[in-house]
Every structure is written in structure tokens, then in C-alpha cells.
Amino acid sequence: MASLNVGNLGAFLREQRRTAQLSLRQLAEAAGVSNPYLSQIERGLRKPSAEILQQLAKALRISAETLYVQAGILDERQAASGVEVQTAIRTDPSLNEKQKQVLLQIYDSFRKENGYGSTDPGAAPAGDVPGHG
């Protein structure tokens, strides 16, 4: 069983929290976890679940994949591929096909802008995105 990289994760979380100018208490409240529990995570004493990491990521406004990589749950190559996000969009039953295509185009354009390249090399060229440009 792979061990979680909790020490590095804790330092990374602390850095992200400080960058976001949040106190430990503010982040704990925003993520729905207790202040002592978050403190233990930051000090590398606790191993948070993927669900807790997702809540922390949402509160910090960063991707959950980033925290999963820091925790050793997800390989960096998998996170960089964008496959999980793409799959989530494509399989979301609450979106219609047009909405899915627009979201995928926007996501792809952001990835390209940030130097990650296309998530879907077989996709049709992007058309006009409503309200974009």
C-alpha cells in the first residue's frame, strides 16, 4: 500500500491557505472540518480522505487533483492529463450535449493557456463559444 505524503501535503496546504489569506479557522469553517483536525493535517499528523481533500480544495479554490497529487493519491501524470475532468463533464446527466461541448471547449482553452495542451486531440475544432471573446 502506498503511503500518503502527509508532511508535504500539510506544508502545501499551509502555503495555499496563507496565499489565500485565510486563517486556519477560516479555512476549517469553509471546508467543513474542525480547526484541530485541519491543524493536524497541516502538521502532517493526519491523513485526510479524498473527500476531505476535495472540500479543502473547494474552499481554497484550487483543483482537488492538485491536492490528490500532493497527498500521493493521484499520479501527477494522471492529473496533468485532464481526463477526470473531461470524463466528469461528458457523463454529467444534468448537462445537455451543447453545454457539455461548450464546457469542454472552455476547459481545453484554459489548459492550453496554462501550457498543458489539449485534453482531447480528437475533438472537432472549437466553434464560437457563446458569451466568450
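Residues numbered from 1 in each chain as written. Predicted model: local features only at pLDDT ≥ 70, side-chain atom pairs only at ≥ 80, totals over all residues. Heavy atoms only, no water.

Caption draft 1: Region of interest: the overall build of the chain. When its secondary structure is counted, the chain shows eight helices and zero strands. Secondary structure elements of the chain occur, N-terminal to C-terminal, as α-α-α-α-α-α-α-α. Restricting the contact set of the chain to residue pairs at least 6 apart, pairs at least 24 apart contribute 47%. Accessible surface for the chain amounts to roughly 8600 Å². Of this, 50% is attributable to carbon and sulfur atoms. (Helix = DSSP H or I, 4+ residues; strand = E, 2+ residues; numbered from the N terminus. Contact = heavy atoms within 4.5 Å. Areas by Shrake-Rupley, 256 points an atom, 1.4 Å probe, with all protein chains shown as cover.)

Caption draft 2: Representation of the environment of L38. Its location among the elements puts L38 in helix α3 (residues 35–42). Among all residues touching L38, those that are not within four sequence positions of it are L24, L27, A28, V33 and L56.

Caption draft 3: Layout of the packing of helix α2 (residues 24–31) against helix α4 (residues 50–60). Interhelical geometry of α2 versus α4 gives an angle of 115° and a closest axis separation of 8 Å. Of the two possible hands of crossing, α2 and α4 adopt the one that is right-handed. Judged by residue contacts, L27, A30 and A31 of α2 engage Q55, L56, A59 and L60 from α4. Residues that form the contact of α2 with α4 fall into these classes: six nonpolar, one polar and no charged. (Axes fitted to C-alpha atoms, helices over the stretch in contact; angles between N-to-C directions. Left-handed = near helix turned anticlockwise from the far one by under 90°. Nonpolar A, V, L, I, M, F, W, Y, C, P; charged D, E, K, R; others polar.)

Caption draft 4: Region of the structure containing the pattern of salt bridges. Summed over the entire model, instances satisfying the criterion amount to four salt bridges. With its nearest N and O atoms 3.5 Å apart, the salt bridge here joins E42 to R14. Remark: R14 occurs in helix α1 (residues 6–19) and E42 occurs in helix α3; sequence separation between them is 28 residues. (Salt bridge = Lys/Arg side-chain N within 4 Å of Asp/Glu carboxyl O.)

Caption draft 5: The arrangement of helix α8 (residues 97–113) in detail. Counted at 1.5 Å a residue, the expected span for α8 with its 17 residues is 24 Å, and the 24 Å between its end C-alpha atoms agrees. Residues of α8 that are buried include every one of K100, V102, L104, Y107, D108 and R111, and no others. By the N-cap criterion, in which a side-chain oxygen at the helix start approaches the backbone nitrogen of a residue two or three places on, α8 is capped by N96, the distance to K98 being 3.0 Å. Immediately downstream of α8, the backbone of G115 shows phi near 85°, a positive value. (Expected span 1.5 Å × (residues − 1). Buried < 20%, exposed > 50% of the residue type's maximum accessible area, 1.4 Å probe, protein only. Polar contact = N/O pair within 3.5 Å; in protein donor to acceptor, adjacent residues only side chain to side chain.)

Caption draft 6: A look at the side chain of E42. The exposure class of E42 is buried, given its relative accessible area of 5%. Apart from residues no more than four positions distant in its own chain, E42 is found in contact with G10, A11, L13, R14, R17 and L24.

Caption draft 7: Focus on the packing of α2 against α3. Across the interface, α2 lies against α3 with an axial gap of 9 Å and an inter-helix angle of 110°. In terms of orientation, α2 lies roughly perpendicular with respect to α3. Contacts between α2 and α3 involve L24, R25, L27 and A28 from the former and N35, L38, S39 and E42 from the latter. Taken together, the residues of the contact of α2 with α3 sort by class into four nonpolar, two polar and two charged. (Parallel < 35°, antiparallel > 145°, perpendicular 65-115°, else oblique.)

The values reported here are purely geometric and, on their own, carry no functional implication.
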